[in-house]
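Examination of the molecular architecture
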Amino acid sequence: LVRRKATLHPFLTKLIGIYLLIGLLSTLSAIFITKTVPMSDIHIGKVFLHWLRRIEYYSLFFIFYSAIKTKAQAKVIILSLIPVTLLVSVYGFGQKYLYWPVYSTMNREFSKGIKLYLTEHARVPSTFGGHYDAAAWTMAVITILLAIVLLVKNRWIKLLSLLAFVAGFWLLILTASRTSFIAYLGSVTTLMFFLVFIKSVTWALPRWILVMTFSMVVMLSFGDLSERYRQVLGLDKLRNQYYAMLFDAKVDRPAVLDESNVLTPTDQTPVAEKPQGLPGDVYEDIPDVVVIASSSGILEKHYVPRTYSENAYKYGLSAAIRMDALWPRALAGFKTNPLLGSGYSTLTKESVGQFTEAESTDNDYLRNLGETGLLGFSFFFGTIFAVGIISLRKAKLLQDPLFTAYAVGFSAATVGLLLNAIYIDIFIASKVAEAFWALAGIALILPFIVGKPETSLNILAQEKVVLTTSKKKSGATAKRQK
């Protein structure tokens, strides 16, 4: 910026600047008005750290938007999604099937750099992140890769993109993320809807049916994802009732069912795969450890059985945590100050003075409402909507099929991420947020590189050529050419 070499998008720069200003006002309000952030160095430092995180994420947009100057640069960066997706997928497969090490930040102990290994029902995570990071990132990237497969004519690019898409899709299945899979279905459907206007209905519809059929068959046939869907939809109970009816029809004695066993049309009841009385997504009955001081002053460990809410048994532990704790706290933060919220990193605390190491609402919309109120919510998601819409509208100006595919694929992936944000803080997770804003910078600079001749960058380039050659000519001639 100081050297005047950076290029700023005029509209997006204003939106991002206004949101960051609102975030600053929300932070000051939390400290001095609502007092949801205590007047102590560690709490004030933490809330400002979370504000600075947003600046860090947005910085990737400005870097990529300003750094890409030519078509060749843009092609290299876009096509790099292919080897990156393949490498990420290979490492995910290694974690799941080859006992490769896992490094996670899902809790305080793991974040110390402990080498972990996935158990049978563990989901493939993002390195130094969680499974939802891996799932959301993969969902967005394979949507772009699918657009490249469908629109690019180069045989090798098409083939390699297809290979990366299939590998990435299988990685998405291994993460067993229900929300990201729904978001994937939404992004693919959105992509095909966009392609209707670029191609035709008769071109897009058969391809949509093919991709959706492939996706659903793989999801229902392999991995733990189908089991998680069955539990949420209540299909396990329907399956039990079906087998009970089938059993009664063949054997003249009553069938006995419980929460963990499923009767088959044989004379035997299968052995339970996990302890009885646990929610569907809990596989081990691990008690809580409570430390109590005895009468002699000695600390004693007591093991107390865990209890689960009704939502945990009905929808699973993952959904119950959101419904019973995270989402109500976010709404409480919003009510504290509807315009500016209760401030960053204040929603998971049980009291104002409590210091929490990790922040999560598992709903980006509620988190933004709770932390920055209606003002922050409007400009945060308004900026994301603007990026997707501008990229889609400019797709018609792009002359290269690769760039057109990237533009429509990125817009469709943005829709998928917005769906994903209903259940995960997706635009706050660094693994996803940084990648999203980098991809956004690429999408918005493309029209200025390969668009019509009258685009601003081409005009500037022509002026530079004229000014350079004019130095060798007379002053009057140079003045006229300038």
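Residues numbered from 1 in each chain as written. Predicted model: local features only at pLDDT ≥ 70, side-chain atom pairs only at ≥ 80, totals over all residues. Heavy atoms only, no water.

Now for the pattern of salt bridges. Tallied over the entire structure, the rule returns eight salt bridges. Glutamate 359 serves as the salt-bridge partner of lysine 46, at 2.5 Å between the closest nitrogen and oxygen. Taken together, the positions of lysine 46 in helix α2 (residues 41–67) and glutamate 359 in the loop between α12 (317–336) and α13 (364–394) put the pair 313 residues apart, joining distant regions of the chain. Residue lysine 46 shares its accessibility class with glutamate 359, and that shared class is buried. (Salt bridge = Lys/Arg side-chain N within 4 Å of Asp/Glu carboxyl O. Helix = DSSP H or I, 4+ residues; strand = E, 2+ residues; numbered from the N terminus. Buried < 20%, exposed > 50% of the residue type's maximum accessible area, 1.4 Å probe, protein only.)

A word on the packing of helix α3 (residues 71–79) against helix α4 (residues 81–97). Any two packed helices are characterised by the angle at which their axes cross and by the distance between the axes. Contact geometry for α3 and α4: axes closest at 5 Å, N-to-C directions at 15 degrees. With respect to α4, the axis of α3 lies roughly parallel. Each of Ile77, Ile78 and Leu79 in α3 lies in contact with α4, whose residues at this interface are Leu81, Ile82 and Pro83. Grouping the amino acids of the contact of α3 with α4 by side-chain chemistry returns six nonpolar, no polar and no charged. (Axes fitted to C-alpha atoms, helices over the stretch in contact; angles between N-to-C directions. Parallel < 35°, antiparallel > 145°, perpendicular 65-115°, else oblique. Contact = heavy atoms within 4.5 Å. Nonpolar A, V, L, I, M, F, W, Y, C, P; charged D, E, K, R; others polar.)

Unusually for a residue other than glycine, tyrosine 99 sits at a positive phi of about 65 degrees. With respect to the secondary-structure elements, tyrosine 99 resides in the loop between α4 and α5 (131–151). For tyrosine 99, a relative accessible area of 56% gives the class exposed. Residue aspartate 362 is not a glycine yet carries a positive backbone phi of 60 degrees. Relative to the assigned elements, aspartate 362 resides in the loop between α12 and α13.

So, on to a nonpolar patch on the surface. Where nonpolar side chains cluster on the molecular surface, the patch consists of Leu21, Leu25, Leu28, Phe32, Ile33 and Met39 and spans about 640 Å² of accessible area. Within the secondary structure layout, leucine 21 lies in helix α1 (residues 10–32). (Patch = residues over 30% accessible without salt bridge, like charges linked within 9 Å, V, L, I, M, F, W, Y side chains within 5 Å. Areas by Shrake-Rupley, 256 points an atom, 1.4 Å probe, with all protein chains shown as cover.)

Following both chains from N to C, one finds α1 and α13 inclined at 170 degrees, their axes separated by 9 Å at the closest point. Classified by the angle their axes make, α1 and α13 are roughly antiparallel. Side by side, α1 and α13 meet where Phe11, Leu12, Leu15, Ile16, Ile18, Tyr19, Ile22 and Ser26 of the first sit next to Asn368, Glu371, Thr372, Leu375, Gly376, Phe379, Phe380, Gly382, Thr383, Ala386, Val387 and Ile390 of the second. Considering only residue class, the contact of α1 with α13 consists of 13 nonpolar, six polar and one charged.

This part takes up helix α15 (residues 430–450). One turn of an α-helix holds 3.6 residues; hence residues three or four places apart share an orientation. Its 21 residues place the ends of α15 30 Å apart at the C-alpha level, agreeing with the 30 Å of an ideal helix rising 1.5 Å per residue. A maximum bend of about 25 degrees is found in α15 at leucine 444, where proline proline 447 lies one to four positions downstream. Judged by how many residues are buried, α15 sits mostly within the fold: 16 of 21 residues are covered. (Expected span 1.5 Å × (residues − 1). Bend = angle between axes of the 7 residues up to and from the residue.)

The subject of this paragraph is the packing of aromatic side chains. Aromatic ring pairs are described here by two measures, namely the spacing of the ring centres and the angle between the planes. Under the counting rule described, the total for this entry stands at 27 aromatic pairs. Against the face of tryptophan 203 rests lysine 199, its NZ or CZ located 5.5 Å from the ring centre. Above the face of the tyrosine 423 ring, arginine 322 is positioned so that its terminal group lies 3.7 Å from the ring centre. (Phe/Tyr/Trp six-rings, centres within 6.5 Å; stacked < 30°, edge-to-face > 60°. Lys NZ or Arg CZ within 6 Å of the ring centre and 35° of its normal.)

Here the focus is the nonpolar core. Ranked by internal contacts, the top residues of the largest apolar core, which has 93 residues, are Tyr184, Leu195, Tyr406, Phe410, Leu417, Phe427 and Trp437. Residue contacts for tyrosine 184: discarding those within four places in its chain leaves Met139, Ile142, Phe165, Phe169, Leu172, Val211 and Ser215. (Core = buried A, V, L, I, M, F, W, Y, C linked by side-chain atoms within 4.5 Å.)

Bringing the side chain of serine 126 into the picture now. Mapped onto the elements of the fold, serine 126 is located in the loop between α4 and α5. Leaving out residues up to four positions away in the same chain, serine 126 has contacts with Tyr103, His131, Asp133, Ala134 and Lys431.

On the secondary structure map, isoleucine 390 appears in helix α13. As for isoleucine 390 and leucine 444, which are separated by 54 residues in sequence, their C-alpha atoms are 7.2 Å apart. Setting aside residues up to four positions removed in sequence, isoleucine 390 forms contacts with His9, Phe11, Leu12 and Leu444.

What follows concerns α4. Counted at 1.5 Å a residue, the expected span for α4 with its 17 residues is 24 Å, and the 24 Å between its end C-alpha atoms agrees. Buried positions along α4 lie against α3, α5, α6 (155–175), α14 (401–420) and α15.

Taken residue by residue, the protein chain gives an average pLDDT of 83. The fraction at 70 or more is 80%. The model gives residues 250–272 a pLDDT under 50, and that stretch makes 37 contacts with residues more than four places away or in other chains. Here residues 452–473 is modelled with pLDDT under 50, and outside its nearest four sequence neighbours on either side it reaches 17 contacts, counting other chains as well. (pLDDT = per-residue confidence, 0-100.)

Locating alanine 405 in the fold gives a position in helix α14. Exposure remark for alanine 405: the relative accessible area of 0% places this residue in the buried category. In this structure, alanine 405 is in contact with Ala147, Ile148 and Leu151, ignoring residues within four places of it in sequence.

Here the focus is the environment of serine 89. Relative to the assigned elements, serine 89 resides in helix α4. For the pair serine 89 and threonine 138, spaced 49 residues apart in the sequence, the C-alpha separation amounts to 9.0 Å. Setting aside residues no more than four positions away along its own chain, serine 89 makes contact with Ala167, Gly168 and Leu171. In this structure the side chain of serine 89 is engaged in a polar contact, spanning 2.7 Å, whose partner is the backbone oxygen of threonine 85. (Polar contact = N/O pair within 3.5 Å; in protein donor to acceptor, adjacent residues only side chain to side chain.)

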